[in-house]
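Examining the three-dimensional arrangement
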Amino acid sequence: MPVPSRIETLGVVGAGQMGAGIAQVAAVTGHRVVVYDVSLEMARQGIDKIGAQLARQVANGKMEASAREAALSRLVAADGVGALAEADLVIEAATEREDVKRRIFQQVCPVLRPDAILATNTSSISITRLASGTDRPERFLGIHFMNPVPVMKLVELVRGIATDDDVFETAKSFAAGLGKTLTVSEDFPGFIVNRVLVPMINEAIYTLHEGVGTIESIDASMRLGANHPMGPFQLADFIGLDTCLAIMQVLHDGLADSKYRPCPLLVKYVEAGWLGRKTGRGFYDYRVDPPKPTR
């Protein structure tokens, strides 16, 4: 069966930070976008956030008001999973938990067109394994956007063992059309970016855990000594400590190497519910201005 040569209608599952970001860049670049979440209200809230984000761009002179209105007119909040039936491509952008993603695919697959492509925004989980739980492993791949999606230029494309060449080529054209730079990663735990980045964050947490340096000194050392735009603790709080832990667990389980063992201090913060910016506390306390280290 032929693969859609061009993605006209995109479905996005998940209206959180990542899903809304993907929907925003797709709508701005001319795609019709159907946003689906566990409720119509949550899908609408995601679109409202996009509207607010684009309004700031208009206010800053980075976008014309007419372009904002045109982009918003292309966004549709899905009242039920059936709204994804018209999509050429559906991207799942839910939490980084394999059981959650598998449940989503079981829900979504029955309503998709037979020729539709299904993708995941996972940052670390095996594409081949996720594909095996769908009805279309040959039309399944990883399209991993970086956070925040409207700002970050990179998209990692990851094919599973069954992904068809035509599907991969369509995905490459779609991502390039969003104005993104593409890298292709083999289907190994963590792919490229998180295979390198998250162990660095984990090592910074070990450095704190062992008393080598403080949160502030480690962040300052990496900003000013390695020219990183954010220190590892600032970055971890931005990503979400639960996401960092989930990726470290995937790396540790998938590669069976002790160097990927999550730091016990990271586990402790996640158990406390101190997940970073999204909960108000992580390695920094964001309830005060400026944020203060929590250790």
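Source: prediction; values computed, not measured.

**Examining the packing of aromatic side chains**
Evaluation of the coordinates by the stated rule reveals five aromatic pairs. Taking the centre distance of 5.3 Å and the plane angle of 90° together, the rings of Phe105 and Phe140 count as edge-to-face. Linking Phe105 in helix H4 (residues 98-108) with Phe140 in strand S6 (residues 140-145), this pair joins segments that are 35 residues apart in sequence. With respect to burial, Phe105 and Phe140 carry one shared label: buried. Here the aromatic rings of Tyr284 and Tyr286 are separated by 6.4 Å at their centres, their planes lie at 55°, and the arrangement is tilted. Of the two residues examined, Tyr284 and Tyr286, each falls in the buried class. Taken together, the ring pairs connect Phe233, Tyr269, Trp274 and Phe283 into an aromatic cluster. Seen from the ring of Phe168, Arg159 lies directly overhead, with NZ or CZ sitting 4.7 Å from the centre.

**Describing the pairing of S6**
Within S6, six of the six residues are buried, which leaves the element mostly enclosed by the surrounding structure. On S6, burial covers both faces: Phe140, Gly142 and His144 on one face and Leu141, Ile143 and Phe145 on the other are all buried. As judged from the three bridges shared by strand S5 (residues 117-120) and S6, these two strands associate in the parallel manner. Note on S6: the bridge partner recorded for Leu118 is Phe140. Note that the unit made of S5, helix H5 (residues 127-132) and S6 has a crossover that is right-handed. Where S6 and strand S7 (residues 154-159) come together, five bridges link them in antiparallel fashion. In the sheet register, Gly142 faces S7, and the bridge partner there is Val158.

Parameters at a glance
Every residue gets a number counted from 1 within its own chain, in the order that chain's sequence is written. Thresholds applied to this predicted model are a pLDDT of at least 70 for local features of residues and 80 or more for the giving and counting of side-chain atom pairs; totals over whole chains, interfaces and linings are not thresholded and use all residues. Note that water and hydrogens are dropped before the side-chain values are worked out from all heavy atoms of the structure. Stacked, tilted and edge-to-face pairs are distinguished by plane angle, under 30 degrees for stacked and over 60 for edge-to-face with tilted covering the rest, among Phe, Tyr and Trp rings (Trp via its six-membered ring) whose centres lie within 6.5 Å. Strands are runs of DSSP state E lasting at least 2 residues, helices are runs of H or I lasting at least 4, and numbering of each runs from the N terminus. Burial classes: relative accessible area under 20% of the type maximum marks a residue as buried, over 50% as exposed, and values in between as partly exposed (1.4 Å probe, protein chains only). The criterion for a charge sitting over a ring is simple: Lys NZ or Arg CZ within 6 Å of the ring centre, and within 35 degrees of the ring normal. One requirement defines pairing of two strands: DSSP has to find at least two bridges between them. Convention used here: a crossover is right-handed provided that the path from the first strand, over the helix, to the second strand proceeds clockwise when the strands point away from the viewer.

No statement about biological role is implied by the geometric values presented.
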